[in-house]
Amino acid sequence: MSTSAKNKAMLNRNESFGFWTLGLLLLPLIACSDTGGPPVSQADTGVVQQFDGAVSELSIADSSLVDSGKPPALDAAPVEVKKNGTYKDIVYAQVGGVALKGDLYLAQKREGLLILVHGGAFVSGTKTTMSGIAQYLLPKGYASFSVDYRVNKQGGAFPALPQDILCAIAFARDHAQEYGYPPEKIAILGTSAGGALVSIVGAMSNMESYRPSCAGQTDLSVVGVIPGFGLHDWLERENQGEIATSEAAYLGGSFADHPENYTEASPVTHVNSITAPYLLFHGSVDEAIPYHQSELMHEALQKAGKSSELLIVDGAGHSFVFKPSDYKDQALAAIEAFLAKVFL
């Protein structure tokens with residue numbers, strides 16, 4: 001072989017060796033790009049264990065469940081959908097130095113999300129009160145987010161308390177992809193004081209003057225509102241001489257001092273053309289809040305041409321949905337049927 005041919009063969013062998021060496025060096029990088037990086041442990045994901053039918057009541061301290069309330073960036077990687085279970089103490093907003101928390105109940109099927117708001121005369125109560133309703137709805141295919149809000153001793157008054165619920169709606173919509181329910185299918189249910197709050201939120205969710213800063217520009221509309229034995233007309237309550245001390249505190253003081261709040265906090269005054277459908281339920285022998293309050297809201301909705309269903313449970317008193325009875329069964333059946341319609 002000539003000197004020229006030998007040199008050419010040597011050059012080809014060196015180039016071939018170089019390509020093989022480069023390939024070997026690139027193999028680890030290629031493997032990482034396929035997997036998205038090193039393996040992630042279960043602890044890193046913040047996932048609660050799965051369950052079949054029953055709710056797994058686990059307390060979650062993992063900071064991965066304490067969300068910022070902001071929607072993911074448009075260029076972010078796909079969000080991992082949370083698995084079945086109960087996610088405790090999720091911080092949905094920070095307002096007035098108070099961390100507002102909620103418990104999220106997720107089942108395999110998630111047709112929509114129902115935000116649950118507890119009662120307690122605006123001075124007490126806890127999100128765990130609503131766990132029975134959440135667990136009843138799980139096998140029906142409905143996720144629930146039971147939330148706490150600022151009570152009177154934490155500076156909660158009108159409009160701060162309704163705005164807390166608006167923050168919960170914003171958080172729920174912003175995190176719908178993460179939790180696996182349709183963002184456009186969110187409804188709200190509350191009982192007693194919580195019934196008053198969801199009723200005013202349902203009427204004011206489209207009023208920009210009440211938009212809280214924690215909500216950003218998120219759509220705050222809901223597809224359904226379910227107030228249970230709640231207050232809807234504070235002027236009527238005042239005229240009947242039935243305003244309790246805790247109720248006056250929620251309204252910022254007496255009617256003589258703040259008459260405007262008694263009007264503004266009354267859902268009956270805010271019904272409009274885009275108000276969502278309502279299901280109102282009340283006991284016929286409720287001594288704490290007369291069922292006439294629900295009738296007034298039902299009439300206001302009908303007058304505006306809006307969808308409204310009214311269930312007066314004969315013989316039931318206040319807070320009847322928290323005690324096993326036929327009264328409770330009637331209310332739960334009505335709630336389930338209503339959700340099936342608004343979550344279509």
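This text goes with the structure placed above it.
Just so we're clear, the structure is a prediction, and the values are computed from it rather than from any experiment.

Participant: Would you mind showing me how to read the side chain of Q163 here?
Facilitator: Tracing the backbone shows Q163 in helix α4 (residues 160-174). The residues contacting Q163, other than those within four sequence positions of it, are Y210, R211 and P212.

Participant: For this particular structure, what's the right way to read the sheet that holds strand β5 (residues 186-191)?
Facilitator: Backbone hydrogen bonds hold the strands of a sheet together, and the pairing may be parallel or antiparallel. The strand order across the open sheet built from 8 strands is β1-β2-β4-β3-β5-β6-β7-β8, with neighbouring strands paired in mixed fashion. Only two strands of the sheet have a single neighbouring strand rather than two, namely β1 (85-95) and β8 (308-313). Strand-to-strand twist of the sheet, defined as the mean angle between neighbouring strand axes without regard to direction, takes the value 20 degrees. Pairing geometry for strand β7 (residues 278-283) and β8, over 6 bridges, is parallel. Of the residues in β8, the one forming a bridge with F281 is L311.

Participant: Honestly, the packing of aromatic side chains in this entry has me stumped. Any pointers?
Facilitator: Both the distance between ring centres and the angle between the ring planes are used here to describe each pair of aromatic rings. Considering all chains together, one arrives at 13 aromatic pairs under this definition. Seen in terms of ring centroids, Y142 and F343 are 5.6 Å apart; in terms of plane orientation they differ by 50 degrees. Their pairing is tilted. Of this pair, Y142 sits in strand β4 (residues 142-147) while F343 is found in the segment after α11 (326-342), placing the two residues 201 residues apart along the sequence. Over the aromatic face of Y136 sits the side chain of K140, whose NZ or CZ is 5.0 Å from the ring centroid.

Participant: So what exactly am I meant to see when it comes to helix α6 (residues 193-204) here?
Facilitator: An α-helix turns once per 3.6 residues; consequently, residues spaced three or four apart project the same way. Given a rise of 1.5 Å per residue, 12 residues ought to cover 16 Å, and the 17 Å separating the end C-alpha atoms of α6 matches this to within 8%. Among the 12 residues of α6, 12 are classified as buried, and the element is accordingly described as predominantly covered. Residues of α6 that are buried: A193, G194, G195, A196, L197, V198, S199, I200, V201, G202, A203 and M204.

Participant: Hey, could you run me through the state of the cysteines in this one?
Facilitator: When the sulfur atoms of two cysteines share a covalent bond, that bond is a disulfide. Under the criterion given, the structure shown has 1 disulfide. Two residues share a disulfide in this structure: C167 and C214, whose sulfurs sit 1.6 Å from each other. In this structure the cystine formed by C167 and C214 twists about its S-S bond by roughly -65 degrees; its chirality is therefore left-handed. Note that C167 is positioned in helix α4 and C214 in the loop between α6 and β6 (224-228), a separation of 47 residues in sequence. Judged by its relative accessible area of 3%, C167 falls in the buried class. The exposure class of C214 is partly exposed, given its relative accessible area of 29%.

Participant: What is the right way to look at the pairing of strand β2 (residues 98-106) in this model?
Facilitator: The side chains of a regular strand alternate between both faces of the sheet. Where burial is concerned, most of β2 is hidden: 7 out of the 9 residues are buried. Following β1, the chain reverses through 2 residues before pairing antiparallel with β2; G96 in that reversal takes a positive phi of roughly 55 degrees. Examined bridge by bridge, β2 and β4 share 4 bridges and lie antiparallel to one another. Pairing of G102 across the sheet is with V147, part of β4.

Scoring rules and cut-offs
Residues numbered from 1 in each chain as written. Predicted model: local features only at pLDDT ≥ 70, side-chain atom pairs only at ≥ 80, totals over all residues. Heavy atoms only, no water. Helix = DSSP H or I, 4+ residues; strand = E, 2+ residues; numbered from the N terminus. Contact = heavy atoms within 4.5 Å. Pairing = 2+ DSSP bridges. Axes fitted to C-alpha atoms, helices over the stretch in contact; angles between N-to-C directions. Phe/Tyr/Trp six-rings, centres within 6.5 Å; stacked < 30°, edge-to-face > 60°. Lys NZ or Arg CZ within 6 Å of the ring centre and 35° of its normal. Expected span 1.5 Å × (residues − 1). Buried < 20%, exposed > 50% of the residue type's maximum accessible area, 1.4 Å probe, protein only. Disulfide = S-S within 2.5 Å.

By themselves, these observations are geometric and do not establish any function.
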